[in-house]
Amino acid sequence: DTVIMVFGSNLAGRHGAGAALTARHNYGAIYGRAIGRQGNSYAIPTKDYDLKSLPLPRIKEYVAEFLAYAETHPELEFNVTRIGCGLAGYREDQIAPMFQDAPKNCKLPHGWRNGKVTKV
């Protein structure tokens, strides 16, 4: 199985720090590309063009796009990082519920599968 790293990005596609930098160096993320599959990575925007955090409803739309992609690619394994919980500054209990309907080929961070993460 091909493993795809799923990371939080910004709408400018500047993969310069955190998981995005790892995705760029090791998983084929393309600098300047903000959304979707890139090599063995998948970008979910959590910040805007000016690197300000996107509102949660907007992030949820991008997560829904990703989940639809994962659903239609059962041959791939998606390793989902704690998107939105690092540089974007959201808590896990704000982001994890967006992934509660994730297909089985998505490996989620600990505690995210049921969408009920306790506040940290």
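Rules behind the numbers
Residues numbered from 1 in each chain as written. Predicted model: local features only at pLDDT ≥ 70, side-chain atom pairs only at ≥ 80, totals over all residues. Heavy atoms only, no water. Pairing = 2+ DSSP bridges. Helix = DSSP H or I, 4+ residues; strand = E, 2+ residues; numbered from the N terminus. Contact = heavy atoms within 4.5 Å. Salt bridge = Lys/Arg side-chain N within 4 Å of Asp/Glu carboxyl O. Buried < 20%, exposed > 50% of the residue type's maximum accessible area, 1.4 Å probe, protein only. Core = buried A, V, L, I, M, F, W, Y, C linked by side-chain atoms within 4.5 Å.

> Hey, could you run me through the sheet that holds strand E3 (residues 41-47) in this one?
Ordered by their spatial adjacency, 5 strands build an open sheet running E2-E3-E1-E4-E5, and the pairing between neighbours is mixed. Strands with a single pairing partner mark the edges of an open sheet, and in this sheet they are strand E2 (36-38) and strand E5 (106-107). Where strand E1 (residues 2-10) and E3 come together, 6 bridges link them in parallel fashion. From the neighbouring strand, Met5 faces E3, where its bridge partner is Ser41.

> Looking at this structure, I do not really get the environment of Pro103. What am I missing?
Among the structural elements, Pro103 can be located in the loop between helix H3 (92-95) and E5. Along the backbone, Pro103 and Glu65 are 38 residues apart, and their C-alpha atoms lie at a distance of 13 Å. In contact with Pro103, not counting residues within four places along its chain, are Leu67, Ala70, Glu71 and Arg113.

> How should the pattern of salt bridges be read in this particular structure?
Oppositely charged side chains can pair when the atoms bearing their charge come close. Under the definition given, this model contains 2 salt bridges. For Glu92, the salt bridge is made with Arg82, and the minimal N-O distance between the two is 3.1 Å. Here Arg82 lies in the loop between strand E4 (76-80) and H3 and Glu92 lies in helix H3, a separation of 10 residues in the sequence. Between Asp93 and Arg91 there is a salt bridge whose closest N-O contact spans 2.9 Å. By relative accessible area, Arg91 is classed as partly exposed at 35%.

> Sorry, what's going on with the nonpolar core here?
When a protein is soluble and globular, its nonpolar side chains tend to lie buried together. Core analysis: the largest hydrophobic core is formed by 28 residues, its most contacted members being Ile44, Phe66, Ile95 and Phe99. Within the residue set of this core, elements represented by two or more residues are E1, E3, helix H2 (56-71) and E4. Counting residues per element, this core draws most heavily on H2, which supplies 6 residues. Once residues lying within four places of it in the same chain are set aside, the contact partners of Ile44 are Val6, Phe7, Gly8, Ser9, Tyr62, Val63, Phe66, Ile83 and Phe99. Counting residues in hydrophobic clusters, the runner-up holds 6 residues, among them Met5, Phe7, Ala23 and Ala29.

> Teacher, can you tell me more about the pairing of E1 here?
For a regular strand, side-chain orientation follows a simple rule: the groups alternate between the two sheet faces. Here 5 bridges tie E1 to E4, and the two strands are oriented parallel to one another. The residue bridging Met5 from the neighbouring strand is Asn79, located in E4.

> Hey, could you run me through unusual backbone geometry in this one?
Glycine aside, residues mostly have negative phi angles, and peptide bonds mostly take the trans form. If you check the backbone angles, Leu51 has positive phi at about 65° while not being a glycine. Mapping Leu51 onto the fold places it in the loop between E3 and H2.

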